[in-house]
Amino acid sequence: EIFEGFRQAMPKIAAKFDDHTMVVRPHPSEDGDTYREITESIENAQLEHAGSPYTWILGANAVIHNNSTIGVESVLLDQPTFAYCPVEDPEYELILPNKVSRKVTSYDELETGISEAIEVESPSHELSGNQHDLLESYFRNTDANGAKRVTAVIDGVEQNDTWNNGNLDVSAKKRLKRTLKRF
């Protein structure tokens, strides 16, 4: 029943947000052929079932999942993350993925959430206090993106060379900053 909700939502999302690419990534245990059949008729859909998800998570306006670790990864990367639950079955719900995401139970809620995420210039995933505490019980230092913190320190070094007493030459600072911006 959950799959059926996604199957019905995919073409609607693709049509509503036709100027965006919809990346579909099945769970490893799911039949990729089924998703291929669904996505081959959707012009702006891309089926992705191998490799690291980080690049497309970071490039996404929104990540939609149900009970997937991709949802946790997306939240940790501070991306707008939606747990689409057209049908709820607590017996099969994992502890973390849906609980740390913005849970939506209808297509209309999902569409509204995606629209909101697209409209924001720098979208992020806002955690409630309970969601933050739950995430922190599994992961540490979830309050800020580590790469952003390091980049801020490097920016400070470039603006104030006395900060590091000249121990880090300018070319090393630039190389480090360039490397971190790729993440």
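Sequence positions are assigned chain by chain, starting from 1 and proceeding in written order. In view of the model being predicted, local features appear only for residues whose pLDDT reaches at least 70, and side-chain atom pairs are presented and counted only at 80 or more, with totals across whole chains, interfaces and linings using the full set of residues. Side-chain descriptors were evaluated using all non-hydrogen atoms of the structure, hydrogens and water having been removed beforehand.

**Q** Help me understand the sheet that holds strand 3 (residues 63-65), please; the structure alone is not making it clear to me.
**A** Two strands in a sheet stick together by hydrogen bonds in their backbones, pointing the same way (parallel) or opposite ways (antiparallel). In short, DSSP must find at least two bridges between two strands for them to pair. Labels follow the DSSP assignment, with helices taken as runs of H or I lasting at least four residues and strands as runs of E lasting at least two, numbered in each case from the N terminus. Ordered by their spatial adjacency, 3 strands build an open sheet running 3-4-5, and the pairing between neighbours is parallel. Looking along the sheet, the strands with just one partner apiece sit at the ends: strand 3 and strand 5 (102-104). Along the sheet, successive strands turn relative to each other by an average axial angle of 30°, direction set aside. Alignment of strand 3 against strand 4 (residues 81-84), held across 3 bridges, turns out to be parallel. Its bridge partner being in strand 4, H65 is matched across the sheet by A83. All axes are obtained by fitting lines to C-alpha atoms, using only the stretch in contact for helices, and the reported angles, taken between N-to-C directions, cover 0 to 180 degrees.

**Q** Just to check I follow, could you spell out unusual backbone geometry for this structure?
**A** Peptide bonds are mostly trans, and most non-glycine residues show a negative phi. For N67, which is not glycine, the phi torsion reads 60° and is therefore positive. Here N67 lies in the loop between strand 3 and helix 4 (69-76). Its identity as a non-glycine residue notwithstanding, D78 has a phi of 65°, on the positive side. Locating D78 in the fold gives a position in the loop between helix 4 and strand 4.

**Q** Would you mind showing me how to read the nonpolar core here?
**A** Among soluble globular proteins, nonpolar side chains are generally buried collectively. Of all hydrophobic cores here, the largest spans 19 residues; its most connected members are M10, I13, M22, V24, I42, Y84 and L110. Of all elements in the fold, only helix 1 (2-16), strand 1 (22-24), helix 2 (32-39), strand 2 (45-47), strand 4 and helix 5 (107-119) reach the threshold of two or more residues within this core. If you tally residues by element for this core, the top one is helix 1, at 5 residues. If sequence neighbours within four positions are ignored, I13 has contacts with M22, I64, Y107, L110 and I114. Judged by nonpolar contacts, the second largest core, of 6 residues, contains W56, I57, V63 and L77. By nonpolar core is meant a set of buried Ala, Val, Leu, Ile, Met, Phe, Trp, Tyr and Cys residues that side-chain atoms within 4.5 Å join together. For each residue, the accessible area found with a 1.4 Å probe, counting protein chains only, is set against the maximum for its type, and the residue is called buried under 20%, exposed over 50%, and partly exposed in between. A contact between two residues is defined here by any heavy atoms of the two lying within 4.5 Å.

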